[in-house]
Amino acid sequence: MAVVDLNLMFPEGPSGSRSPLPKQRQFMDTVMDPKGAPYVLYSGGVGSGKTLIGCITTILLAIQYPGDYLVCRLFNPELKITTLKTFMDVCPPELIIENRIADQIVRLRSAGGKVSNIMFRG
C-alpha cells in the first residue's frame, strides 16, 4: 500500500505550506486517538474547513480501519456538490479502487490489502 502524505490533501496556504488549521488538527488528533472521545463535533461558520477536515479524517480512518463508512448530509444535492466533490478532490487517486457514481459509493484501498466502502447519503 502506498504511503499517503496527509499534507498534500490540504490546500496550499499563503506561505506555500500545506497543513491543517489548528482547530482542524485538534479535531483530527481527537478522532484518530483510539482512547479519545466516542463522539467529536467540529462546528464553525461557512468556510471554516468542516467539510475538508471531515473528508480527510474519513479517508484516514478508512485507510487505517477497513470497513464501511457513512457520510451524510440533510439533502443529497448539497452532499454531491460539496462533500462528495471535496472528498474526490482531496482523496489520493492511488487509494481509489472504484467510484460508483450511481449509488454514491467510493471504495478505497485500506491497511492489509483490505477495502473500505465510503457511502454518501442524503
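So, a few notes on the structure that sits alongside this text. This is a predicted model, so every value here is computed, not measured.

**A look at the layout of surface pockets**
Size it by volume and the largest pocket reaches roughly 540 Å³. Put simply, the parts of the chain that give the lining of the largest pocket at least two residues each are α1 (22-32), α2 (50-64) and β1 (68-72). Top element by residues in the lining of the largest pocket is α2. It accounts for seven residues. Of the residues assigned to the lining of the largest pocket, the class counts are nine nonpolar, five polar and two charged. When its volume is computed, the second largest pocket comes out at roughly 160 Å³. In terms of lining residues, the second largest pocket is bounded by Phe-10, Pro-11, Glu-12, Gly-13, Pro-14, Ser-17, Ser-19, Pro-20, Leu-21, Gln-24 and Leu-52.

**Thoughts on the pattern of salt bridges**
Under the defined criterion, the tally for this structure stands at five salt bridges. Two residues, Glu-12 and Arg-18, come together in a salt bridge whose shortest N-O distance is 3.8 Å. Classification of Glu-12 as exposed rests on a relative accessible area of 54%. In this structure Arg-18 comes out as partly exposed when scored by relative accessible area, which is 32%. Asp-29 is the salt-bridge partner of Arg-25, the closest N and O atoms lying 3.8 Å from each other. One end of the pair is Arg-25 and the other is Asp-29, both in helix α1 and four residues apart, which spans about a single turn. Overall, the relative accessible area of 42% leaves Asp-29 in the partly exposed class.

The rules behind each value
Residues numbered from 1 in each chain as written. Predicted model: local features only at pLDDT ≥ 70, side-chain atom pairs only at ≥ 80, totals over all residues. Heavy atoms only, no water. 1 Å grid on protein atoms, 1.4 Å probe; cavity = no way out; pocket = protein on both sides within 12 Å on 5 of 7 lines; lining within 4 Å. Points joined across faces, edges and corners; volume = space filled by probe spheres on them. Helix = DSSP H or I, 4+ residues; strand = E, 2+ residues; numbered from the N terminus. Nonpolar A, V, L, I, M, F, W, Y, C, P; charged D, E, K, R; others polar. Salt bridge = Lys/Arg side-chain N within 4 Å of Asp/Glu carboxyl O. Buried < 20%, exposed > 50% of the residue type's maximum accessible area, 1.4 Å probe, protein only.

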